[in-house]
Amino acid sequence: MAKKWNSRIAEWITKTIELPPDVMMDLPRITMVGQIHIYIENHRGLLKFSDQEIRLLLKQGQLLIKGKSFVIRTILPEEIMLEGKIEQVHYLEQ
């Protein structure tokens, strides 16, 4: 019950003071440049990495990215930039 209440308050504050939802609700921000770069902010950690798949932990669920020739260009505690041929991006709920 408390989580629902906190979520509703965060949504109301976001709408009222016009802050981006990713800031107030701790949502991931995903920026793609064509099929060659993807930049993800607000992730909770790297779960799996190979040259064909990457899996990131999010606050609510996971993000699965599939493709070919993946290379991590930048990795920081809450940000990652991936380069390669991106074929699929899936949000997995837990």
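This report concerns the structure included in the present document. Given the structure is predicted, the values throughout are model-derived calculations rather than measurements. (Residues numbered from 1 in each chain as written. Predicted model: local features only at pLDDT ≥ 70, side-chain atom pairs only at ≥ 80, totals over all residues. Heavy atoms only, no water.)

### Quick word on the sheet that holds strand 3 (residues 45-49)
As a general point, the strands of a sheet are linked pairwise by backbone hydrogen bonds and lie either parallel or antiparallel. If you walk across this open sheet you meet the 6 strands as 1-2-6-5-4-3, and the pairing is antiparallel. In this open sheet, the two strands that pair with only one neighbour each are strand 1 (29-33) and strand 3. On average, each strand axis in the sheet is tilted by 35° relative to the strand beside it, whichever way the strands run. For strand 3 and strand 4 (residues 53-58), the ladder comprises 4 bridges, and the chain directions are antiparallel. Bridging from a neighbouring strand, L46 pairs with L56 of strand 4. (Pairing = 2+ DSSP bridges. Helix = DSSP H or I, 4+ residues; strand = E, 2+ residues; numbered from the N terminus. Axes fitted to C-alpha atoms, helices over the stretch in contact; angles between N-to-C directions.)

### Comments concerning the environment of K48
Relative to the helices and strands, K48 is located in strand 3. Separated by 16 residues in sequence, K48 and L64 place their C-alpha atoms 9.2 Å apart. In this structure K48 touches E53, I54 and R55, once residues within four positions along its chain are discounted. There is a polar contact of 3.3 Å between the side chain of K48 and the side chain of E53. (Contact = heavy atoms within 4.5 Å. Polar contact = N/O pair within 3.5 Å; in protein donor to acceptor, adjacent residues only side chain to side chain.)

Any link to function would need more than the numbers given here.
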